[in-house]
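Below are the chains, spelled out letter by letter.
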Amino acid sequence: PVAAFVTATVTGLAFNRLPDEQQEASPPVAAGCGCPDGPQALSDRLPLPGRIREGLVYAFSDLLKDIGGWLLLGVFIAGLIGYFVPDEYLAGFFGGEISSLLIMLVVGIPLYICASASTPVAAALILKGVSPGAALVFLLAGPATNAATITIVSRFWGRRATVTYLASISACSLLIGWLTNRLYEFAGWDIRQSVRLLTEQGPSPVESVSAAVLLLLIALSFLPRSSGSPAGCGGDSPEPPRRDNT
């Protein structure tokens, strides 16, 4: 969280230092749900129990649907890395510390991967010899600088802003990754040994039940459901009337 806060703040400050550029399209803004007063105003009119219910419905439906597929993809990729890649293989493959940080940055920048998917992948890379700092570089740069995000930034803010965006995130990721390795060395922590002890113990009954419940909830979130919300607020809106241009 500290790394993400610092990276976002530095990137925002760097953006503010740029001169204004004339763009053909205005920057994207958060779109409402189609209601006259917007979704926030609709939520504010609900009593507290209603807002709690709406929040739980969103968490176990839309939010879980958004991140569930990415999470399963990340766990699948992490499983492949854990099964096929020998232990400590990546430590020699990536070479020294600085080169490992740079490699993870180069890999993470164009990779289209969500934060939910990159987290288990980073954990698997650590078990195979990647330093915690290099894994953190992957976590910071991967979701923030994928090809789709770079395209949007370039389209709405221009080439100079895109270069600033990439440079700020890259510099912060490398510096924070290096500091993370220094922190582990100073504290004498061995993250790989800690994770190995957990994996050797095997999953507890609570973990197994929780995993089964999570898989069930993810599967249910993808099922079609009827919406009771009014038209234009997430429900099925009727087709607008056709205008007779004659």
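This is a predicted model, so every value here is computed, not measured. (Residues numbered from 1 in each chain as written. Predicted model: local features only at pLDDT ≥ 70, side-chain atom pairs only at ≥ 80, totals over all residues. Heavy atoms only, no water.)

Remarks on the pattern of salt bridges
Note the following rule: By definition, a salt bridge exists where a carboxyl oxygen of Asp or Glu is found within 4 Å of a side-chain nitrogen of Lys or Arg. Here the term buried applies to any residue with accessible area under 20% of the maximum for its type, exposed to any over 50%, and partly exposed to those in between, with areas from a 1.4 Å probe on protein chains only. Helix and strand assignments follow DSSP, with helices taken as H or I runs no shorter than four residues and strands as E runs no shorter than two, numbered in order from the N terminus.
In total, this model carries three salt bridges according to the counting rule given. A salt bridge links Glu-54 to Arg-53; its shortest N-O distance comes to 2.9 Å. Assessed through its relative accessible area of 37%, Glu-54 is described here as partly exposed. Residue Glu-97 is joined to Arg-182 by a salt bridge in which the shortest nitrogen-to-oxygen separation is 2.9 Å. Of this pair, Glu-97 sits in helix H5 (residues 97–108) while Arg-182 sits in helix H9 (residues 159–187), and the two are 85 residues apart along the sequence. Each of Glu-97, Arg-182 and Glu-185 takes part in one network of salt bridges that share partners.

Considering the packing of helix H3 (residues 48–84) against helix H6 (residues 115–127)
As a reminder, the rule being used: Whenever a helix is involved, its axis is fitted only over the stretch in contact; in every case the axis is a line through C-alpha atoms, and angles between N-to-C directions fall within 0 to 180 degrees. Should an angle fall under 35 degrees it is called roughly parallel, over 145 degrees roughly antiparallel, and 65 to 115 degrees roughly perpendicular, with every other angle called oblique. Crossings are assigned a handedness: left-handed for a near helix turned anticlockwise from the far helix by less than a right angle, right-handed for a clockwise turn. Contact criterion: two residues are considered in contact whenever any of their non-hydrogen atoms come within 4.5 Å of each other. Side-chain classes follow a simple rule in which Ala, Val, Leu, Ile, Met, Phe, Trp, Tyr, Cys and Pro form the nonpolar group, Asp, Glu, Lys and Arg form the charged group, and the remainder, Gly included, forms the polar group.
It is the contact of H3 with H6, at a shortest axis distance of 6 Å, that shows an interaxial angle of 15°. Between H3 and H6, the angle is such that the two are roughly parallel. In this structure, H3 crosses over H6, and the sense of that crossing is right-handed. Mapping the contact onto sequence places Ile-67, Trp-70, Leu-71, Gly-74, Val-75, Ile-77, Ala-78 and Ile-81 in H3 and Ser-116, Ala-117, Pro-120, Val-121, Ala-124 and Leu-125 in H6. The residue makeup of the contact of H3 with H6, split by class, is 12 nonpolar, two polar and no charged.

As for helix H8 (residues 147–157)
Since one α-helical turn is 3.6 residues long, residues separated by three or four positions face the same way. Short version of the rule: By construction, the arc corresponds to the directions joining the helix axis to the C-beta atoms.
Of the residues making up H8, those classed as buried are Ile-150, Val-153 and Phe-156. On an axial view of H8, the arc spanned by its buried residues comes to 150°, and they lie on one face. The exposed residues of H8 that point more than 90 degrees off its buried face are Thr-151 and Arg-155. Backbone geometry just after H8 places Gly-158 at a positive phi near 100°.

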